[in-house]
Amino acid sequence: MYELNICHLYPDLLNLYGDRGNIIAIARRSQWRGIQVTISDISIGDTFDSEKYDIIFLGGGQDFEQEVIQDDVLNQKGNEIRNAIQNDKVFLAICGGYQLLGNYYKTWDGKEIEFLKALDLWTIGSKERMIGNYCFECDFLKSDNYDGRIVGFENHSGRTYLGPSVRPLGKIVKGFGNNGQDGLEGAIYKNVYCSYSHGSLLPKNPHLTDHLITLALKQKYKDFDSLKVLDDQFEELAHNTMIQRIVG
């Protein structure tokens, strides 16, 4: 039997707008296929050994929560997170968690906050927030049966910009995305997937959920080939309803 060990980093502080739903979606879609799942919550002061985990999740948080965890994430868990990324561990990072993996966050009044420097990206704060349901398109998910469109909800004042070693998660169909300027959303580096999408992201987007599960299983098991097909009637209905609502 295959099994997946999932780590939720700072679940008590980085869990904005139902981000824990991403953990639930990964677990349920795995369990429905007979894959055993163990979820570990790791927060401030806890030991983080990335070798124990197959998928690592960082949710969203506001400026206050980011300041609360800053010392722990930089000085206690930072090297382990960076090593895990370089060793191709699968990560999903949402909003504040996405920003934390970058180089820095510069507030609208010029204060620069150091972040992990695990991914070559940076965020500039703004007085104006980018809020609303949005849709973006992921080329790597496109197939004969799927157009690659992802739906979610964004609410952020930070504007994120990607360096040359990081590619975007997708292209905006409708909404703001990373910065409301370049038409890009999220980031991918190695097996790290980042997005501004709350709502939560994965339950309404089963193709992306299965992509992450597949990546993790291929990293862990040399004999793993592909996931069993599920009946996604309800998931597809939720996804298509949001597509219609956002895009028309």
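Note: the structure precedes this text.
What counts, and at which threshold
- Residues numbered from 1 in each chain as written.
- Predicted model: local features only at pLDDT ≥ 70, side-chain atom pairs only at ≥ 80, totals over all residues.
- Heavy atoms only, no water.
- Pairing = 2+ DSSP bridges.
- Helix = DSSP H or I, 4+ residues; strand = E, 2+ residues; numbered from the N terminus.
- Salt bridge = Lys/Arg side-chain N within 4 Å of Asp/Glu carboxyl O.
- Buried < 20%, exposed > 50% of the residue type's maximum accessible area, 1.4 Å probe, protein only.
- Axes fitted to C-alpha atoms, helices over the stretch in contact; angles between N-to-C directions.
- Contact = heavy atoms within 4.5 Å.
- Core = buried A, V, L, I, M, F, W, Y, C linked by side-chain atoms within 4.5 Å.

Student: Sorry if this is basic, but what is going on with the pairing of strand β11 (residues 170-174) here?
Tutor: If a strand is regular, its side chains alternate between the two faces of the sheet. In the sheet, strand β8 (residues 130-137) pairs with β11 via three bridges, with the strands oriented antiparallel. Each bridged residue has a counterpart across the sheet, and for F136 the counterpart in β11 is I172. As paired strands, β11 and strand β12 (residues 184-185) are joined by two bridges and run antiparallel to one another. In the strand pairing of β12, K171 is matched with L184.

Student: Mind showing me how you'd approach the pattern of salt bridges here?
Tutor: With the rule as written, the count across this model stands at twelve salt bridges. For K142, the salt bridge goes to E137, with nearest N and O atoms at 3.1 Å. Residue classification places K142 among the partly exposed positions, given a relative accessible area of 41%. Linked by salt bridges that have partners in common, R29, R33, D210, D232 and E235 make up one network.

Student: Just to check I follow, could you spell out the sheet that holds strand β1 (residues 3-9) for this structure?
Tutor: One key point about sheets: their strands pair by backbone hydrogen bonds, in either a parallel or an antiparallel sense. With mixed pairing, six strands are arranged side by side in an open sheet as β2-β1-β3-β4-β14-β13. Single-partner strands in this sheet number two, and they are β2 (36-42) and β13 (187-189). On average, each strand axis in the sheet is inclined to that of its neighbour by 15 degrees, with strand direction left out of account. Where β13 lies against strand β14 (residues 192-195), three bridges are found, and the strand directions are antiparallel. When the bridges of β14 are listed, A187 appears paired with C194. Here helix α1 (residues 21-31) sits on the sheet in contact with β1, β2, β3 (55-58) and β4 (90-94), set at roughly 160 degrees to β2.

Student: Looking at this structure, I do not really get the nonpolar core. What am I missing?
Tutor: Generally speaking, soluble globular proteins have nonpolar side chains that are buried together. Among the nonpolar cores identified, the biggest contains 68 residues, and L9, I81, I85, L101 and L119 are the most heavily contacted of them. The leading source of residues in this core is helix α5 (residues 206-220), at six residues. In contact with L101, not counting residues within four places along its chain, are L58, I81, I85, A93, L116, K117, A118, L119, V192 and C194. By size, the runner-up hydrophobic cluster in this structure holds five residues, among which are C135, M242, I243 and I246.

Interpretation in functional terms is not warranted from these geometric data alone.
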